[in-house]
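For reference, the chains in residue letters:
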Amino acid sequence: MTVKEVFELRKQGRIEEAYETIRPMYAVHQGKYTTLCMFWTASDILKKRIKEKRHDEAEKIFKALLRILPNIDDRDGKARSSILYDALTLDREVKSFSMLDFLSVMKVEQIGDNDWKAITVPAVDGTPSHPIPSVAQQLLTCAFHEIQETPTADNALKVMPLLQEAVRRHPRDKNNQRYMAVVYRIMGERDKAVAIYRQLLSKYRDSYLYSELAELTDEPGLKAALYCRAIQNQRQEKFCSGYRLELARLLVSRDKARAAYELQKCIATRKASGFGVTLEMQQMLGQLEGVVPVSEAEQRLFYQRMAEKYAV
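Residues numbered from 1 in each chain as written. Predicted model: local features only at pLDDT ≥ 70, side-chain atom pairs only at ≥ 80, totals over all residues. Heavy atoms only, no water.

Caption draft 1: Geometry of the packing of aromatic side chains. All told, the structure shown has 5 aromatic pairs when counted by the stated rule. Look at Phe 144 and Tyr 179: their rings are 4.3 Å apart centre to centre, the planes differ by 10°, and that puts the pair in the stacked class. With Phe 144 in helix α7 (residues 135–149) and Tyr 179 in helix α9 (residues 174–186), this pair connects stretches of sequence that are 35 residues apart. Per residue, the accessibility class of Phe 144 equals that of Tyr 179, and both read buried. Ring centres 6.5 Å apart and planes at 55° place the aromatic pair Phe 302 and Tyr 303 in the tilted group. The buried category is assigned to Tyr 303, whose relative accessible area is 4%. Taken together, the ring pairs in this structure connect Phe 62, Phe 97 and Phe 102 into an aromatic cluster. (Phe/Tyr/Trp six-rings, centres within 6.5 Å; stacked < 30°, edge-to-face > 60°. Helix = DSSP H or I, 4+ residues; strand = E, 2+ residues; numbered from the N terminus. Buried < 20%, exposed > 50% of the residue type's maximum accessible area, 1.4 Å probe, protein only.)

The structure is reproduced here in structure tokens:
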């Protein structure tokens, strides 16, 4: 069978047959069209294996595609873009996949201009069209989710080339600035991280920005004020439980009634989400035994007073 006939099998949707046919052909001859055919048939099988939940095999095929990529004629960048989207899919579907390890292999110089362009999703059934981040920006976001789980200097260094390119292309982008602050924090450059957060908070009111700045703040009053603002600016209570626990920790030895309010709200949210009470929470409940929490109205007033006092 010829390479052209294998491509025809692929066109007909007979991707398993195409894949099994091209493999022995590629093993003995890595010509231009044989290599191209090997790449695209393997790409088809990768997507199929992910859908079939055959994740180990999918990861092996992905690694093989990375080895093939430098050897194919990819003037239009379609093969490279396919690899980038495959990485996003693997990151979403396969727990063992590491976006940071992928970025160590896929150098930023290989990511083309088209991969940095935002995509507009067309309007469908009354839903208006809307933009989604470029594939390169999505890779960066996935990498930072991984960094937040394992905030090490090695991981920060792995993402730096892509982050620096993202900042060069979009210097005012809120997410890129935030990611840079995260890296500065990991690398011990705290003042630079704080400066970025303060600049961001002069324009935005996202609760996570207040919380992340609070983590960099030692002064208890300012730290508490930042968590107050994080709670004020988070509309979904399920995302407030962490902020409330941090605020309760700060208040438990200073204002037990307010600490009791925050702790009870935190525990109620956790229970509603199916989570139990941690040992630390049980110990705090012991410290607050018999304490009557303040009312919601009183606590809301407290948030506002703290924000005004510390100008946050």
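Caption draft 2: Quick look at the side chain of Asn 155. Inspection of the secondary structure puts Asn 155 in helix α8 (residues 153–169). Residue Asn 155 is classed as buried on the basis of its relative accessible area of 10%. Dropping the residues within four chain positions of it, Asn 155 is found in contact with Leu 100, Ile 147 and Thr 150. (Contact = heavy atoms within 4.5 Å.)

Caption draft 3: Helix α2 (residues 15–28), seen in detail. With 14 residues, α2 should cover 20 Å at 1.5 Å per step; its first-to-last C-alpha distance of 21 Å lies within 8% of that length. Of the positions making up α2, those classed as buried are Ile 15, Ala 18, Tyr 19, Ile 22 and Tyr 26. On its buried face, α2 is in contact with α1 (3–11), α3 (32–51) and α4 (55–68). (Expected span 1.5 Å × (residues − 1).)

Caption draft 4: Region of the structure containing the nonpolar core. Within the largest apolar cluster, 100 residues are counted, with the highest numbers of intra-cluster contacts made by Met 99 and Phe 102. With sequence-adjacent residues up to four places away left out, Met 99 is seen in contact with Ala 87, Leu 88, Asp 91, Leu 139, Cys 142, Ala 143 and Glu 146. (Core = buried A, V, L, I, M, F, W, Y, C linked by side-chain atoms within 4.5 Å.)

Caption draft 5: Main features of the packing of α1 against α3. Viewed as axis vectors pointing N to C, α1 and α3 meet at an angle of 20°, and their least axial separation amounts to 10 Å. Here α1 is positioned roughly parallel relative to α3, judged by the angle of their axes. Viewed along their axes, α1 and α3 form a crossing whose handedness is left-handed. Across the interface between the two elements, Val 3, Val 6, Phe 7 and Arg 10 from α1 touch Tyr 33, Thr 34, Leu 36, Cys 37, Trp 40, Thr 41 and Asp 44 from α3. (Axes fitted to C-alpha atoms, helices over the stretch in contact; angles between N-to-C directions. Parallel < 35°, antiparallel > 145°, perpendicular 65-115°, else oblique. Left-handed = near helix turned anticlockwise from the far one by under 90°.)

Caption draft 6: Geometry of the environment of Glu 246. With respect to the helices, strands and loops of the structure, Glu 246 is situated in helix α13 (residues 241–251). Owing to a relative accessible area of 25%, Glu 246 belongs among the partly exposed residues under this scheme.

Caption draft 7: Representation of the pattern of salt bridges. Under the defined criterion, the tally for this structure stands at 31 salt bridges. Taking the shortest distance from any N to any O, the salt bridge between Arg 14 and Glu 17 comes out at 2.9 Å. Take Arg 14: its relative accessible area is 37%, and that puts it in the partly exposed class. Judged by relative accessible area, which is 36%, Glu 17 ranks as partly exposed. Between Glu 262 and Arg 244 there is a salt bridge; the shortest N-O distance is 2.9 Å. Of this pair, Glu 262 sits in helix α14 (residues 256–272) while Arg 244 sits in helix α13, placing them 18 residues apart in sequence. The two residues Glu 262 and Arg 244 agree in class, both being buried. One salt-bridge network, held together by shared partners, links Glu 16, Lys 48, Arg 49, Glu 52, Arg 54 and Glu 57. (Salt bridge = Lys/Arg side-chain N within 4 Å of Asp/Glu carboxyl O.)

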